[in-house]
Amino acid sequence: FHIGLDDSSDDLVIGLGSTLGTTSHIVIDEAGHVTMPLQSCFSVTHSVSQTNLTEEQQNTITFGNEIFDINGDFASNTFTAPVTGKYLLTAKLSMAQIDHDGTYYSNITINTSNRNYKNAYSVRDFFEAQPEFFVFTCTCIADMDASDTAVVEFGTYGPGASQEDVYGTSADATQFMGQLIS
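These numbers come from a predicted model, not from an experiment.

### A closer look at the overall build of the chain
No. 1: In terms of regular secondary structure, the chain is built from one helix and 16 strands.
No. 2: The buried share among the 182 residues of the chain stands at 42%.
No. 3: For the chain, the share of sequence-separated contacts (at least 6 apart) that also reach a separation of at least 24 residues comes to 66%.

### Notes on the sheet that holds strand S4 (residues 34-35)
No. 1: Within the open sheet, the four strands sit side by side as S1-S2-S3-S4. Their pairing is antiparallel. The two strands at the open ends of the sheet, each matched to only one other strand, are strand S1 (2-6) and S4.
No. 2: For strand S2 (residues 11-15) and strand S3 (residues 24-28), the ladder comprises four bridges, and the chain directions are antiparallel. By the bridge assignment, Val-13 is partnered in S3 with Val-27.

### Re a nonpolar patch on the surface
No. 1: A surface patch of nonpolar side chains, about 370 Å² in accessible area, is lined by Ile-3, Leu-5, Leu-12 and Ile-14.
No. 2: Contributing elements (two or more residues each) for the nonpolar patch: S1 and S2.
No. 3: Tracing the backbone shows Ile-14 in strand S2.

The rules we used
- Residues numbered from 1 in each chain as written.
- Predicted model: local features only at pLDDT ≥ 70, side-chain atom pairs only at ≥ 80, totals over all residues.
- Heavy atoms only, no water.
- Helix = DSSP H or I, 4+ residues; strand = E, 2+ residues; numbered from the N terminus.
- Buried < 20%, exposed > 50% of the residue type's maximum accessible area, 1.4 Å probe, protein only.
- Contact = heavy atoms within 4.5 Å.
- Pairing = 2+ DSSP bridges.
- Patch = residues over 30% accessible without salt bridge, like charges linked within 9 Å, V, L, I, M, F, W, Y side chains within 5 Å.
- Areas by Shrake-Rupley, 256 points an atom, 1.4 Å probe, with all protein chains shown as cover.
- Salt bridge = Lys/Arg side-chain N within 4 Å of Asp/Glu carboxyl O.

Structural data, given as structure tokens:
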């Protein structure tokens, strides 16, 4: 490891390797901003159509577009914690064709190895008629051990049809993001 002052940028750098400039782990700039270039952090979006999600069960949401994946911890719709710690995880699902007539409630879940974090919505309470489009969100600080996993799921429960669709593939419609915070 090395600890040193990078005179070219006035940064205090802690990193791996015997010389300054090789694999920086913690960088403190002259204004006091602290960055950790290898800290686990990801942002992914939905990329393929998911239509007619199955009623009465949790459906895993697919994420095929990586905006970024620092440390390479996201693959196959799943985030895998690289180390034991607390992770800020957040998900947003834009859904279409929600069955208002038969559905008692719908939910978005961030399902981790240790526990589930769920937001349930009663669609009947929000709309007089079937909504064309609705956004579901869930955010948590998850206690995860090294190699624990997290996926995003959506479920609709109550008598009705299997007709819900994950809306669109634009970068802002359906997202999953996370970061190691402590």
